[in-house]
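Descriptive structure summary
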Amino acid sequence: MIDTLLRGVASGGVRMHPGCTESDVADLARLMTLKEALAHRPGMSTNRSAAPRAASPTTPATLRPGACSSATSRPCARCSRTYGRQARTSGFGLRQADIDRAVRALGLRSSIDAALPHVLDGAEAGLARLMRAFAAHVDGVGLGDLVGGYGVCESVLATLRHRGEDGRVDRNQLGPHDRALPRGGWLDTDCDVLVTAAVSYAIDATSAHRVRARYLVEAANASLVPAAEQALRERGVLVVPDFVANSAANSWWWTLFGDIEPTPHAAFHRIRTTMRELCAQMLTTADRNGQGPREGATAMARRNLALMTNRIPPPAQAV
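First things first, this report covers the structure right here in the doc. Position numbers for residues start from 1 in each chain and track the written sequence from start to end. Local features in a predicted model are, by the rule used here, given only for residues with pLDDT of at least 70; side-chain atom pairs are given and counted only at 80 or more, and totals for whole chains, interfaces and linings are based on all residues. Side-chain numbers come from the whole structure's heavy atoms, not from hydrogens or water.

**Looking at the overall build of the protein chain**
Inclusion rule: Helix and strand labels come from DSSP, where a helix needs a run of H or I of at least four residues and a strand needs a run of E of at least two; each type is numbered from the N terminus. Three labels apply to residues, based on accessible area from a 1.4 Å probe with only protein chains included: buried if under 20% of the type maximum, exposed if over 50%, partly exposed otherwise in between. A contact between two residues is defined here by any heavy atoms of the two lying within 4.5 Å. For accessible areas, the Shrake-Rupley method is used with a probe of radius 1.4 Å. Any residue's cover is judged against the shown protein chains and nothing else.
Helix and strand counts for the protein chain come out as 11 helices and 7 strands. Split into buried and exposed, the 319 residues of the protein chain put 44% on the buried side. At a minimum sequence separation of 6, the contacts of the protein chain that also span at least 24 residues come to 62%. Total accessible area computed for the protein chain in this model is approximately 16400 Å², and 53% of it derives from carbon and sulfur atoms.

Structure (structure tokens):
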């Protein structure tokens, strides 16, 4: 399912789980448009990487749950070749190396093959930067071994640290400052900031009243249903929307196009800078227009998308 296509390229993720609907995937596609457009900086000079990155909204193909097989990456790769216009990345628990092997078996150089013609210093240079990035280690964890959103990574690391012989979390191994809560007990924890991560639609209209935080940050795509966000707003809870809070998930474009060096230091610096700018601009826009943060950020993304549509140069020659 494609929400927006510019210069023949779209990016996005995959949803493969029981009960996944076309509406779920449409939500993800729409959010990817906003997320990619938000990352564009209209005022930036046109350097070797700004135009290609600006030309890369958005969005996923649909994989129904029944499309899964033991080689889960093959449906992903098959869609990449079928559509031919989508830059695909991992997002459902696979190692990047497994995805790379699958797409190469289908005659593609990479799961982001569709984006390579837009790398101005050449596809090989862009792929080399990505390989260097995936070889990086942070706190002993290799990026190529653990790829996913913040919530997914944290839950996996917590499980690995406290895993018992049966593969489940052994609560006897929890540290002195860890707290064991009943399932779902995180929702009404008394805290300043609540981060919803890893799971979409985690808070609905019937559970929103349990939130006791002053700020809620959507680290997962569509972690709140609209009615829940409205209920929180009426109670004075400020919600940082998903396509802002997790927009750095698209930062692999920065590495591919050479905006940053393929190092953890460069990535963390760019993410910190970008997120602070986006959040400040979002809140300023929302306050000026008498809106909520989501409306302010959406206005920013739509404005950028219009500029991108009108000003993007012709596509680069195929490599």
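Next comes the rest of the description.
**Description of the sheet that holds strand β6 (residues 215-218)**
By definition, the strands of a sheet pair up through backbone hydrogen bonds, in either a parallel or an antiparallel sense. Going by this rule: For two strands to count as paired, DSSP must find a minimum of two bridges between them. Here, axes are lines fitted to C-alpha atoms. For helices the fit covers the stretch in contact, and angles between N-to-C directions go from 0 to 180 degrees.
Taken in spatial order, the 3 strands of this open sheet run β5-β6-β7, and their pairing is parallel. Unpaired on one side and paired on the other, β5 (193-196) and β7 (238-240) mark the two borders of the sheet. Strand-to-strand twist across the sheet, computed as the mean angle between neighbouring axes with direction ignored, equals 20°. The pairing of β5 with β6 spans 4 bridges and is parallel. Note on β6: the bridge partner recorded for Val193 is Tyr215.

**Overview of the side chain of Asp24**
By the element assignment, Asp24 lies in helix α1 (residues 22-39). Residue Asp24 is classed as buried on the basis of its relative accessible area of 18%. With residues up to four places along the chain from it excluded, the contact list for Asp24 reads His17, Gly19 and Tyr201.

**Structural notes on helix α5 (residues 123-134)**
Operational definition: Each helix should span, by expectation, one fewer than its residue count multiplied by 1.5 Å. Arc, as used here, means the arc of the directions from the helix axis to the C-beta atoms.
When the terminal C-alpha atoms of α5 are compared, their 17 Å separation across 12 residues agrees well with the 16 Å that a helix rising 1.5 Å per residue should span. Looking at α5, one finds that the buried residues are Ala123, Gly126, Leu127, Arg129, Leu130 and Ala133. Mapping the buried residues of α5 onto a view down its axis gives an arc of 155°, with all of them on the same face. Turned more than 90 degrees off the buried face of α5, the exposed positions are Glu124 and Met131.

**Notes on the pattern of salt bridges**
Where we set the bar: Should a side-chain nitrogen of Lys or Arg be within 4 Å of a carboxyl oxygen of Asp or Glu, the pair is scored as a salt bridge.
Here the structure, examined in full by the defined rule, presents 9 salt bridges. Between Arg129 and Asp121 there is a salt bridge; the shortest N-O distance is 2.8 Å. In this structure Arg129 comes out as buried when scored by relative accessible area, which is 12%. The class of Asp121 is partly exposed, set by a relative accessible area of 37%. Close ionic contact of Glu295 with Arg233 constitutes a salt bridge, the shortest N to O distance being 2.8 Å. Taken together, the positions of Glu295 in helix α11 (residues 293-311) and Arg233 in helix α7 (residues 226-234) put the pair 62 residues apart, joining distant regions of the chain. Arg233 gets classed as partly exposed once you look at its relative accessible area, which sits at 34%. The structure contains a network of salt bridges with shared partners spanning Glu218, Glu229, Asp242 and Arg294.

**Here we look at the environment of Ala222**
Among the structural elements, Ala222 can be located in the loop between β6 and α7. Here Ala222 falls in the buried class, since its relative accessible area comes to 9%. Each C-alpha atom of the pair Ala222 and Ser200 lies 5.1 Å from the other, and the pair is 22 residues apart in sequence. Look past the residues within four positions of Ala222 in its chain and what remains in contact with it is Leu31, Ser200, Tyr201 and Asp242.

**A short note on the environment of Asp204**
As a reminder of what qualifies: Counting of polar contacts relies on pairs of N or O atoms within 3.5 Å, with two restrictions inside protein: one atom must be capable of donating a hydrogen and the other of accepting it, and residues adjacent in sequence are counted only when both atoms are side-chain atoms.
By the element assignment, Asp204 lies in the loop between β5 and β6. Counting along the chain gives 27 residues from Asp204 to Ala231, while the straight-line C-alpha distance between them is 9.5 Å. When neighbours within four sequence positions are excluded, Asp204 is seen to be in contact with Val225 and Ala228. A polar contact is formed between the side chain of Asp204 and the side chain of Thr206, at a distance of 2.7 Å.

**Description of the environment of Ser207**
Within the fold, Ser207 resides in the loop between β5 and β6. Since its relative accessible area comes to 11%, Ser207 is described here as buried. When the C-alpha atoms of Ser207 and Ala228 are compared, they prove to be 7.7 Å apart, with 21 residues separating the residues in sequence. Apart from residues lying up to four places away in sequence, Ser207 is in contact with Leu187 and Ala202.

**What to know about the pairing of β6**
Two faces make up the sheet, and in a regular strand the side chains alternate between them. For clarity, the cut-off: For a crossover, the right-handed case is the one in which the path from the first strand over the helix to the second runs clockwise, viewed with the strands pointing away from the viewer.
Where burial is concerned, the two faces of β6 differ: the one with Leu216 and Glu218 is buried and the one with Tyr215 and Val217 is not. By the bridge criterion, 3 bridges tie β6 to β7 in an arrangement that is parallel. Within β7, the position partnered with Val217 by the bridge is Val240. Handedness of the β6-α7-β7 crossover: right-handed.

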